[in-house]
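Geometric and topological summary
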Amino acid sequence: MNYYDILFYLFAIITLVSAGFVVTTRNVIYSAFFLLFTFFGVAGIYVLLAADFIAVVQIMVYVGGILILLLFGVMLTNKITNVDIRTGTGNLLPASIAVGLLMGALVSVMIYTGWKVQPGEVPDTSIKQLGALLITDYLLIFELLGILLLIALIGAASIARRDKE
Amino acid sequence: MYQYFYELTGSVIISTLITAVFPLVNVLLVALLGVYLERKVSAWMQDRVGPNRAGPFGLFQTVADFIKMLQKEDATALDIDKKLYNIAPVLVFAGSFAVYAVIPFSSKLIGSEIEVGLFYALAVSSFVVAGILMAGWSSNNKYSLLGAMRSAAQIVSYEIPTALVVLAMVMFLGTLSLSKISEMQTAYFWNWNILGGAEFGLVKFLLIPFMVVGFVIIFISTLAEVNRTPFDIPEAESELVAGYFTEYCGMKWAMFMLSEYGNMFAVSAIVSILFFGGYQSPFGYLGNTLGIEWLIPYEQAFWFILKGWFFIFVQMWLRWTLPRLRVDQLMTVCWKYLIPYAFVNLIIIGIITLL
Amino acid sequence: MKEYLKNTWLGIYTVLVGMKITFKHLFTPAVTIQYPEVKLKLPERERNRLYVNIDDCIGCDQCSRACPVSCIDIETVKSIPGEDLGTTSNGKKKAFWVTNFTIDFAKCCYCQLCVFPCPTECIYMTDVFEFSTYERNDLVYQFSNLTKEEAEQKKINFANFQAEKEKQKAAAATAPKTENPSQPNTN
């Protein structure tokens, strides 16, 4: 077991434990903040996989964008000064069946897929290849995503301005 | 530096720790001298004397303050959220200190030469935002919460012009690595990016005005990101007591101050790397003229820290010049002025780079 | 569009103007007076701590009566014949031992009303204004130059003298009846 293994298990534990807390804790604010550590752990695992760009994007988009938005939403939509922001659990049985099925599917995929195991040849950086792939092979998807985001943006702006008329 | 200590000690952990100590010492010194300089600069600009009691010229004022802070009782309000309240200062400081991992103090003194350094520096500051929100929410105080909200809103919006200028610079330079960006601007000051970079001919002169615009935009937006006046509505003392750290005292409060000054130096460092040659000397190196090779990294560290302090001084200068912006003015500056200019600048720099 | 550009220009230009002003002030010498080391010259008729020149005091109690906050406390004992108290500097004969002359500066309001009635000008304002102490009692200043024992002695002397006088009076009152020659007073 070398340092990388130790680091991997560290990040894995951080990710799993905090993800568990996200699901089980009854306080929405706590869930949101545990999500922060989950994202952090996932970013660490990306770094260990030599995907530096993805790791940084993970932090930038999820922590810097989505998590902040989430926190804003939670903080502004509930009673601000009270800690009484709690979630309940309903529909326990159907939910556990659905989740169990989904998990089974995922685990079976994980087990029966023939993973391409390559000897570790860590590229110095992944930005160049990523950029080239985005502009060549995945150009259409890339552009479509851009348009989708633009539509979402315009839609949000128009919803926000609707009651002015 | 890491390599050197790795060869010396043969241990990954020890060499990593030693490499991490240097930026930490730098942050502590920046906070220690920064508070002193802040008070002195404000005093001089208002025709006062400033701290001059503790030690020669009051140099030990911050040390005395620090000792006072250590002795303070850790008073906490009753209805706070204890866990988040205690984590928040650590998270904020961790976020601001993490930036130093990629900042090249000299050609030898750099924590990690990762290829996405610039992007990383922008990304980890989002931990600061999360920490600020955490601090504001857990304090269970309306001023704290308002301050945290304002701070987060401000940092998130001003990240956009920063990112756009960084994008323009990345298009021009073709790399995200901070050490490579610094290396590109070597030799003399006319090779600095603000003066068109290490190119010659018409392109260089065409670039200069747009580089200046880019510099102004990124300087303003990073100023907003570290919550300094005129963008200090998150901790507007006349409205919100102290913003998100109203409920903190003693060493936890000191952590917030430490991270604020650490952030100030970090953004100064990034601005100076992007536009003012990073650790490069403006006039060539003494080590080269005298033929002493080992002197060069020290000179580079000297120039780098000098540039960092210069921009910290400019931040203070602005702080004691301008009044605080109102929140709508703040958003107007960001969305109506900085972002359009940054976009136009991005396009023009792109076109010129293609020429 | 024109207005937009004008706003931008104004924004940058005004900031630069402000920065120029503050930069100039960076090199303006400070106007601060470093108080304990450097002191402002006090005005000519400043009112600060009182001083009593006890050698000139005739114990007339006028200052004490003039004081609006009763911070001056004077206790006097008449001198007995044969004691020479000397004269004040303006030639008045002193007739009282001032056994106690205290001014409580915690109460004093520095109105200077006590200074004017003094017939010998022995109570006056000085230029001392830094006399804070840790104990409130330290602000009660004793100006009498008699020690406690001396003051007690004076009181006893006066009491004795008074008693003697009473005795004499009594003797004088009873003398015509008995027609006894009185003893010579040796006191």
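Use the structure listed above.
Structure report, in brief. What you see is a predicted model; the values in this text were computed from it and never measured.

**Quick look at the overall build of chain C**
Helix and strand content of chain C: 3 helices and 5 strands. Helices (α) and strands (β) of chain C occur, in sequence order from the N terminus, as α-β-α-β-β-β-β-α. Here the C-alpha atoms of chain C give a radius of gyration of 32 Å, more than 25% beyond the 16 Å that 2.2 N^0.38 yields for 187 residues. C-alpha extents for chain C along the principal axes are approximately 130 × 30 × 30 Å. Buried residues in chain C amount to 28% of all 187 residues. Partitioning the intrachain contacts of chain C with sequence separation of at least 6 by distance along the chain shows that 75% fall at a separation of at least 24. Within chain C, the 23 negative side-chain charges are centred at a point lying 8 Å from the centre of the 23 positive side-chain charges.

**Some words on the interface of chain B and chain C**
Contact residues are listed per partner, giving 19 residues for chain B and 18 residues for chain C. Taken together, both faces of the contact between chain B and chain C bury some 1,600 Å²; the carbon and sulfur share is 62%. The residue Arg-53 of chain B makes a salt bridge to Glu-37 of chain C at a minimum N-O spacing of 3.2 Å. Split by residue class, the side of chain B that touches chain C holds 13 nonpolar, 2 polar and 4 charged.

**Re the sheet that holds strand β2 (residues 72-78) of chain C**
All names here are of chain C. Here 3 strands make up an open sheet; going across it, the order is β2-β3-β5 and the pairing antiparallel. Here the strands that pair on one side only, and so sit at the sheet edges, are β2 and β5 (140-142). Neighbour to neighbour, the strand axes of the sheet diverge by 15° on average, direction disregarded. Inspection of the sheet shows β2 paired to strand β3 (residues 96-104) by 7 bridges, in the antiparallel sense. For Glu-75, the partnering residue across the bridge sits in β3 and is Asn-100.

**Here's the deal with the state of the cysteines**
Tallied over the full model, the rule gives 0 disulfides over all chains. Sulfur of Cys-118 of chain C: no disulfide; nearest cysteine sulfur belongs to Cys-122 of chain C and is 3.7 Å away.

**Here we look at the interface of chain A and chain B**
With 29 residues of chain A at the interface, the matching set in chain B holds 28 residues. Both faces considered, chain A and chain B share a buried interface measuring about 2,600 Å² in area, 84% of it formed by carbon and sulfur atoms. Its largest share of buried area at the contact with chain B, chain A owes to Tyr-30, Met-60 and Met-75 of chain A, together 21% of the area lost on that side. At the boundary of chain A and chain B, one finds 0 salt bridges. For the side of chain A that touches chain B, the per-class residue count stands at 23 nonpolar, 4 polar and 2 charged.

**Examining the environment of Asn-193 of chain B**
All names here are of chain B. Counting through the fold element by element, Asn-193 comes out in the loop between α7 (178-184) and α8 (202-225). In sequence terms Asn-193 and Ser-182 are 11 residues apart; their C-alpha atoms lie 9.7 Å from each other. Setting aside chain neighbours within four positions, we find Asn-193 in contact with Met-169, Phe-172, Leu-173, Ile-181, Gln-185, Met-211, Leu-274 and Phe-275.

The rules behind these values
Residues numbered from 1 in each chain as written. Chains lettered and ligands numbered in written order. Predicted model: local features only at pLDDT ≥ 70, side-chain atom pairs only at ≥ 80, totals over all residues. Heavy atoms only, no water. Helix = DSSP H or I, 4+ residues; strand = E, 2+ residues; numbered from the N terminus. Rg over C-alpha atoms; globule rule 2.2 N^0.38 Å. Buried < 20%, exposed > 50% of the residue type's maximum accessible area, 1.4 Å probe, protein only. Contact = heavy atoms within 4.5 Å. Lys, Arg positive; Asp, Glu negative; His and termini not counted. Charge placed at Lys NZ, Arg CZ, Asp CG, Glu CD. Buried area = accessible area lost by both parts, 1.4 Å probe. Salt bridge = Lys/Arg side-chain N within 4 Å of Asp/Glu carboxyl O. Nonpolar A, V, L, I, M, F, W, Y, C, P; charged D, E, K, R; others polar. Pairing = 2+ DSSP bridges. Axes fitted to C-alpha atoms, helices over the stretch in contact; angles between N-to-C directions. Disulfide = S-S within 2.5 Å.

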